[in-house]
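# Breakdown of the fold
Chain by chain, the residues run as shown.
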Amino acid sequence: MLLLRDRLIPLVGIILVSGIAWAYLALLANEMPAMTAMAPMSKPAEKSAALEMAGLLVMWWVMMAAMMLPSAAMMVMTFSTVSRRRRDRDQPYVGTVVFASGYLIAWGGFSLAAAGSQWGLERLALMSPMTAVYSPIVGGGLLIASGLYQFSSLKHACLHHCRSPFDFILNRWREGSAGAMRMGLEHGLYCLGCCWVMMTLLFVFGVMNLLWIAALTTLVLLEKAMPGGQVLARAGGILMIAGGALMIFRTV
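About the cut-offs
- Residues numbered from 1 in each chain as written.
- Predicted model: local features only at pLDDT ≥ 70, side-chain atom pairs only at ≥ 80, totals over all residues.
- Heavy atoms only, no water.
- Salt bridge = Lys/Arg side-chain N within 4 Å of Asp/Glu carboxyl O.
- Helix = DSSP H or I, 4+ residues; strand = E, 2+ residues; numbered from the N terminus.
- Buried < 20%, exposed > 50% of the residue type's maximum accessible area, 1.4 Å probe, protein only.
- pLDDT = per-residue confidence, 0-100.
- Contact = heavy atoms within 4.5 Å.
- Core = buried A, V, L, I, M, F, W, Y, C linked by side-chain atoms within 4.5 Å.
- 1 Å grid on protein atoms, 1.4 Å probe; cavity = no way out; pocket = protein on both sides within 12 Å on 5 of 7 lines; lining within 4 Å.
- Points joined across faces, edges and corners; volume = space filled by probe spheres on them.
- Phe/Tyr/Trp six-rings, centres within 6.5 Å; stacked < 30°, edge-to-face > 60°.

### Focus: the pattern of salt bridges
- For the coordinates displayed, the defined rule picks out seven salt bridges.
- Ionic pairing is found between Arg86 and Glu175, a salt bridge with its closest N-O pair at 2.5 Å. Of the two residues, Arg86 is situated in helix 3 (residues 73-88) and Glu175 in the loop between helix 7 (165-171) and helix 8 (176-199); the sequence distance between them amounts to 89 residues.
- Among the residues examined, Arg86 registers a relative accessible area of 11% and is labelled buried.
- Here the salt bridges do not stand alone but share partners, grouping Arg172, Arg174, Arg182 and Glu186 into one network.

Structure follows, in structure tokens:
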């Protein structure tokens, strides 16, 4: 019963946070056609670069929370179980939210880079606001690069850590809030190493394309949770390479 509670509470928290993040993305996606139509009428002075970057950063960070928190559920629940057992033995323990916050901070770093990339691409007229890159060659290149990365040793080393929550918690346990934050950050960095190239495909399919956001979320979750997750990663890589080659071939 206690084990069920240890896992249920963080799981409900992840579902709530992810649900709020998905609701925010759905709201943005619904408003996107009107925002895109008004973009040519907007004057540069109406919105500062800092304010625009802040908006993009929030959008990307919320999107990463929506996409990546479900795949981190087993790791978060394992941390919660271990921390609860330490508390029952009168040992120092830390709330699970601290560990989860470290995880989200790691993806916050990626979100900052992605927001900066989108801002720059829009300024260079290579990408429409909140949609996708214009060039099929660039899009095809990103697909091929992401597909090749699915076969890399770095990808599979990071995926191995993401698929082994008990080993990670056991071998990297650190005391105190700072230690829990660092553990969450380390797990986030492994997760980032596993999936960051795949996240760049949002520039290909559309940053606010909810269908593709859901598809990538599902692929990441299956890679980490299914027994044959590493095989699935390679199969996805083959499809990405084929899709990228086809996209480029159509332009020739």
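### Re the confidence of the model for the chain
- Overall, the prediction assigns the chain a mean pLDDT of 87, with 89% of residues at 70 or greater.
- For the chain, helix 1 (residues 2-38) is the element with the lowest average pLDDT, namely 79, and helix 8 is the one with the highest, namely 94.
- For residues 40-46, every residue scores under 50 in pLDDT, and the model assigns this stretch zero contacts once sequence neighbours within four places are set aside.

### Digging into the nonpolar core
- Core analysis: the biggest nonpolar cluster contains 56 residues, and Trp60, Met63, Met64, Met67, Met68, Trp107 and Met199 have the highest contact counts within it.
- Looking at this core, the element that brings in the most residues is helix 2 (residues 49-68), giving nine residues.
- Dropping the residues within four chain positions of it, Met63 is found in contact with Leu25, Leu202, Val207, Met208 and Ile213.

### Section: the layout of surface pockets
- Approximately 450 Å³ is the volume found for the second largest pocket.
- Around the second largest pocket sit 21 residues that line it, and Ile9, Pro10, Gly95, Thr96 and Val97 are the ones nearest its centre.
- Ranked by residue count, the leading element in the lining of the second largest pocket is helix 1, at seven residues.

### Re the environment of Ala72
- Inspection of the secondary structure puts Ala72 in the loop between helix 2 and helix 3.
- Sequence separation of Ala72 and Lys224 is 152 residues, and the distance between their C-alpha atoms is 8.6 Å.
- Every residue in contact with Ala72, bar those within four places of it in the chain, is listed here: Tyr103 and His187.

### Observations concerning the packing of aromatic side chains
- Going through the model one piece at a time under the given rule, you end up with eight aromatic pairs.
- Judged by centre distance (6.3 Å) and plane angle (75°), the ring pair of Trp60 and Phe110 falls under edge-to-face. With Trp60 in helix 2 and Phe110 in helix 4 (residues 96-123), this pair connects stretches of sequence that are 50 residues apart.
- For Phe110, a relative accessible area of 11% translates into the label buried.
- Relative to Trp212, the ring of Phe205 lies with its centre 3.9 Å away and its plane at 10°, an arrangement referred to as stacked.
- Relative accessible area serves as the criterion here: at 35%, Trp212 is assigned to the partly exposed category.
- Three or more aromatic residues joined by ring pairs form one cluster here, namely Trp60, Trp107, Phe110 and Phe203.

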